[in-house]
Every structure is written in C-alpha cells, then in structure tokens.
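Each chain, letter by letter, is given below.
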Amino acid sequence: MRKLIVITFLLLGLLFGGIGVFFYLPTIVEGWNFGSADFRTIHLKRFDPSEEAVWMQSAEVLLPEKVERYVLIVPDRNTDRDWNSPGNEARTGLRFARKLVESNIGVIRYSPPGSGNDQINLTDPGLSRIALERVLRAFQAAKDTEAVENSDEVSGADRIPDAPLSVLSVGEGCIISLAALQQPEVMRISNIDSLYLAGCAYPETLLDGWIGRVYYNMELTGVSADLMDRAAQIWSERKKEIDEGSLKPMDKDAWEKRLEKLKEQGMPADLLAFEKTLSYLSRPDNIVWTRAAAHIRFQDLLTQLRESRPELRIVHVMGEYDEEIRPADREAMENYVRTSGIDNYEFRTLERMDHSFCIRESPPASPVENMMRRRDPFVDFSPEILKLLAGAE
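Residues numbered from 1 in each chain as written. Predicted model: local features only at pLDDT ≥ 70, side-chain atom pairs only at ≥ 80, totals over all residues. Heavy atoms only, no water.

Draft legend 1. Inspection of the overall build of the protein chain at higher detail. On a plain count of helices and strands, the protein chain comes out with 15 helices and ten strands. In the protein chain, which comprises 393 residues, the share counted as buried stands at 50%. For the protein chain, long-range pairs separated by at least 24 residues make up 77% of all intrachain contacts whose partners lie at least 6 apart in sequence. Summed over its atoms, the accessible surface of the protein chain is roughly 18800 Å², and 51% of this surface lies on carbon and sulfur atoms. (Helix = DSSP H or I, 4+ residues; strand = E, 2+ residues; numbered from the N terminus. Buried < 20%, exposed > 50% of the residue type's maximum accessible area, 1.4 Å probe, protein only. Contact = heavy atoms within 4.5 Å. Areas by Shrake-Rupley, 256 points an atom, 1.4 Å probe, with all protein chains shown as cover.)

Draft legend 2. Structural detail: the pattern of salt bridges. On inspection of all chains with the given rule, the structure shows 24 salt bridges. Here lysine 66 ties to glutamate 68 by a salt bridge, and the two come within 3.6 Å at their closest N and O atoms. Residue class for glutamate 68 comes out partly exposed when judged on its relative accessible area of 43%. One continuous salt-bridge network, built from bridges that share partners, spans Glu60, Arg81, Asp82, Arg91 and Arg109. (Salt bridge = Lys/Arg side-chain N within 4 Å of Asp/Glu carboxyl O.)

Draft legend 3. Focus on the side chain of asparagine 370. Residue placement: asparagine 370 occurs in helix α14 (residues 367-374). Exposure remark for asparagine 370: the relative accessible area of 6% places this residue in the buried category. From its side chain, asparagine 370 meets the backbone nitrogen of alanine 365 in a polar contact 3.2 Å long. With residues up to four places along the chain from it excluded, the contact list for asparagine 370 reads Leu220, Glu323, Pro364 and Ala365. (Polar contact = N/O pair within 3.5 Å; in protein donor to acceptor, adjacent residues only side chain to side chain.)

Draft legend 4. Summary view of the state of the cysteines. On inspection of all chains with the given rule, the structure shows one disulfide. Here cysteine 174 is linked by a disulfide to cysteine 200, with a sulfur-sulfur distance of 2.5 Å. Of note, the bridge from cysteine 174 to cysteine 200 carries an S-S torsion of about -95° and is left-handed in sense. Of the two residues, cysteine 174 sits in helix α5 (residues 173-180) while cysteine 200 sits in the loop between β8 (192-198) and α7 (206-221), which places them 26 residues apart along the sequence. For the pair formed by cysteine 174 and cysteine 200, the shared burial category is buried. (Disulfide = S-S within 2.5 Å.)

Draft legend 5. Structural context of the packing of aromatic side chains. Using the criterion set out here, one finds nine aromatic pairs in the structure. Here phenylalanine 96 and phenylalanine 381 contribute two aromatic rings whose centre-to-centre distance is 5.2 Å and whose plane-to-plane angle is 65°, an arrangement assigned as edge-to-face. Linking phenylalanine 96 in helix α3 (residues 92-102) with phenylalanine 381 in the loop between α14 and α15 (383-390), this pair joins segments that are 285 residues apart in sequence. Pair check on accessibility: phenylalanine 96 and phenylalanine 381 agree, each one buried. Ring centres of tyrosine 215 and phenylalanine 274 lie 6.2 Å apart, and the angle between their planes is 15°; on these two criteria the pair is classed as stacked. Taken together, the residues tyrosine 215 in helix α7 and phenylalanine 274 in helix α10 (residues 269-279) connect sequence positions 59 residues apart. Looking at phenylalanine 274, the relative accessible area reads 2%, which means it is buried. Ring-pair connections join several aromatic residues into one group, and the members of that group are Trp83, Phe96, Phe357 and Phe381. (Phe/Tyr/Trp six-rings, centres within 6.5 Å; stacked < 30°, edge-to-face > 60°.)

Following this line, the structure appears as structure tokens:
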C-alpha cells in the first residue's frame, strides 16, 4: 500500500512537472539568450517622468554597439512588448527584438494600454494613439540628450546615435500607427522614413477587422456553414445597434444571465461561444473602443497619412500562414493596395510566415493547435521580414 502511494505521488509529480515545463519553457529559454550581439538597454521613462502609465514604464530601447537603423514595434491589441497576452506568455516579441539587434537594428518597444491586464480588454484607440506618440517623443528626447548612461550602471556615458527610423505595426497596431504618425508632435520627428503594416486587414472599419478575426477562428474550429450563416445574422443585428449608437453597456453578470437564457432556448454551443465573444464589445470597460471602432476607417487614415507624409514608404506585409487574418479579408486587402493608386505603397506576401513572423510548415490549424505553435521557443523567424526591416529589400 505504501509503495502504491509513493508511485502515485511520483507520477503526479512528473505530470505537474511536465505541465510546468510546457508553460514556462519559452521563459526559461529566453533567459539563456542565445543571441551573440552585445546591446545596451535604455529605459525611456526617465525622458517622460510625468508619465506613470504602463506604456512609458515599459518603454525601452535595445541599442546594439553599431546602429544602422531603428525599428519601433507597435504591438497588436492586448499584447505587451514581449507579445504576451492572457494565457499565452511565449515572449516571442523579445526573441524577435533580439534577432533585430543581431542585425545592428536598434529596437524601440513598449507595452500599449490594456496589455498589463490579465483580462481581454478593448482599449480606447485614442488612448493607444497617445501612448505611441508619447513613446516616440520620449525616444526623440533621449536622442537629443547629450549623454545617456548605460542602464546597468556601467561607467561612462554614450550618446544615442542618429539613424533612420522605421515603424513596425502588428495587427491593430496598424490603425494606431496610421493615426499617430500624422499628429503634429510626431511630424517633427523627421527621420521616420518607413512604415510596415503587418498582419492586418481592414475591409472597411476597425470593427470589421475585429469580426473578421473572430470569423476566422470559428472557421478554423470547424463551425459548420449553416452556423456561420446564423452567426453572420447575429452580427448584422449587433452591428446595426453599434452603428446607430444604441448598444448599451452590459456587465459580465448580465451577459452570463443572457447566455443562460439562450442556452435554455437550445442555441448551439458554437453560437453560444460566438455570443460570448460579442459580449466583450458591450462590457463597460470596452464600450468606448466599440463605438470608436465602428467609425475608424483604415482607408481614410491611410489617405490622410499619405497627404501629410508624401515621402513615407508604406509596406503592407502579410504572412502566407497568418492565423489571425481571414483569407477573404487578406485577398480584399491585397486588391485594395494594388489598385488604390496611392504612391509609395506596396504589398508583400511572405511565404510560410505566421502572425508572429515565425516560419511554419503548414497552414493555420485549429485555435488550440495555433496556440501550441506559438509556444514553440525554437521556431525560426521569417528571413524575409528580417531582410525587409534591415533595408536589404
């Protein structure tokens, strides 16, 4: 009996140990830092001391010994500077930043509003735009300062070298960048020469892009065509409420009660899950985003930015295996770019690249499998995106 108890505890220990390794392996691997490039970390909060928000507390520059270019990374919605999100802490963004540093690219990175929370929140796009502006201004202030001390207290001081600056936007970060780069305060930063819009597709508005990602997850899950049609009807009714301004805030408890009633009425599980996803739009903390997103048009922002920055190079980048972009939306976005007639605006499809710029051997699968893929700390990044950002293409 005693032997059986010991064996049981050993098996439980192995089980929980395996689970722990699965969840924390990416963090452990990042701690080893296989990168060969030396770099310094400069914290930008000292150049905007009045700002206590998460975006300035987290803002930093990874500065290699030789800087040929800077890249400012604007993360996707609900992800921090490491590209972690609730339930997914693979730190892919940190690995990608170190990869850029190895190519003599200084990396500016920060955690946008809403990313420091363990809840899935939809943050006011206006606040997200302000956060990006403040980070850019802090970086400019750091460059204008005569000397910047090393973050690890090493003796001596070094000036932040001047170099061209690219902005790399991911997902919803594309909308935020288009809005921020045409603001008067940011227009004074003259060395911004290129904008990369990666992993985003907006047939019309920001809200349309959001629902497209929801639909694609449903399709990957295997939801039937009939239920997809019913989901589209549900969305049509909800979107009408949003467009007319009649969508009322509902807290989590109110939505749970509503979902219980729908379940009692026999609504299929897939549609219940869809209704639960839509519930985030009317949460009190998210209602500002919802109302704004219905009227933020990608094409309008792009046209305005082109008028204010006619020399800015804009590259729209899509990964062939992007698990966040619905194929129909990707095709519509590509057609728009190629037929828009907007000067200095090009479209690139990068082979086998996913939403996190990693190389994959097969197209997106189910959301669960996609999550497992994201946790792989040994996957390689697309060499094409690295060359593009380094200015080799």
